[in-house]
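Observations on the three-dimensional arrangement
Now for the letters of each chain:
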Amino acid sequence: MSTEFTPIFLFLAIAVFTGASMLGLSALLGPRKVTKVKQMPYESGMDPIGDARQRFDVRFYLVAIAFLLFDVELLYLYPWAVSQWAADPAVAAATGAAGAPIAGIAPLFRMMVFWEILVFVTILAAAFAYAWKKGVFEWR
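A brief structural summary.

Criteria and cut-off values
Residues numbered from 1 in each chain as written. Predicted model: local features only at pLDDT ≥ 70, side-chain atom pairs only at ≥ 80, totals over all residues. Heavy atoms only, no water. Helix = DSSP H or I, 4+ residues; strand = E, 2+ residues; numbered from the N terminus. Buried < 20%, exposed > 50% of the residue type's maximum accessible area, 1.4 Å probe, protein only. Contact = heavy atoms within 4.5 Å. Areas by Shrake-Rupley, 256 points an atom, 1.4 Å probe, with all protein chains shown as cover. Patch = residues over 30% accessible without salt bridge, like charges linked within 9 Å, V, L, I, M, F, W, Y side chains within 5 Å. Salt bridge = Lys/Arg side-chain N within 4 Å of Asp/Glu carboxyl O. Axes fitted to C-alpha atoms, helices over the stretch in contact; angles between N-to-C directions. Parallel < 35°, antiparallel > 145°, perpendicular 65-115°, else oblique. Left-handed = near helix turned anticlockwise from the far one by under 90°. Nonpolar A, V, L, I, M, F, W, Y, C, P; charged D, E, K, R; others polar. Phe/Tyr/Trp six-rings, centres within 6.5 Å; stacked < 30°, edge-to-face > 60°.

1. Quick notes on the overall build of the protein chain
Along the protein chain, the regular secondary structure elements total 5 helices and 0 strands. Each helix and strand of the protein chain, ordered N terminal to C terminal, gives the series α-α-α-α-α. When the 140 residues of the protein chain are sorted by exposure, 11% land in the buried category. Of the contacts formed within the protein chain by residues at least 6 apart in sequence, a portion of 56% connects residues at least 24 apart. Put simply, the protein chain shows about 12300 Å² of open surface, and 72% of that area lies on carbon and sulfur atoms.

2. Notes on a nonpolar patch on the surface
Taken together, the side chains of Phe5, Ile8, Phe9, Phe11 and Leu12 present a nonpolar region at the surface, about 520 Å² in accessible area. Structurally, Phe5 is set in the segment before α1 (6-29). Given a relative accessible area of 40%, Phe5 falls into the partly exposed group.

3. Remarks on the packing of helix α3 (residues 77-84) against helix α5 (residues 110-134)
At their nearest, the axes of α3 and α5 sit 12 Å apart, and the two run at 155° to each other. What the angle tells us is that α3 and α5 run roughly antiparallel. Crossing hand, α3 versus α5: left-handed. Taken together, the residues of α5 that come into contact with α3 (itself represented by Leu77, Trp80 and Gln84) are Arg110, Val113, Phe114, Ile117, Phe120 and Val121. In terms of residue class, the contact of α3 with α5 is built from 7 nonpolar, 1 polar and 1 charged.

4. Quick word on the packing of aromatic side chains
Applying the stated criterion across every chain, the model contains 3 aromatic pairs. Measuring from centroid to centroid gives 6.3 Å for Tyr76 and Phe120, while their planes differ by 85°, and the two rings are edge-to-face. One end of the pair, Tyr76, is in the loop between α2 (58-72) and α3; the other, Phe120, is in helix α5, with 44 residues separating them in the sequence. Look at Tyr76 and you get exposed, because its relative accessible area is 55%.

Below, the structure written as structure tokens:
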């Protein structure tokens, strides 16, 4: 067997051992007393009342979609913010990483990428204004 795969197999062995030991110790040391209360369904700290197939208000879904729109879409800005100025030698020298390899957006394309991100943020702001005007953020 080649030694280049030894760290991978060692990591897998440790992961399997850790998982098996956690399962084994929890089964061995965990409480086993079965009561009526423990067998009851649990819903966010409240006793379940009524049918489990009840309808949700549409506003719940609007809030969920608004969250996905404005929270997850902003994750696209983080890689741009990190890589936008990473290729600048002055920034690398100021942070003490002068010997580090320079990576990021090439200076030739920085302004083009900046304007693309600006268009993205403008569209996101327009969607936010539209949702605000439609009353999506108001819980009646």
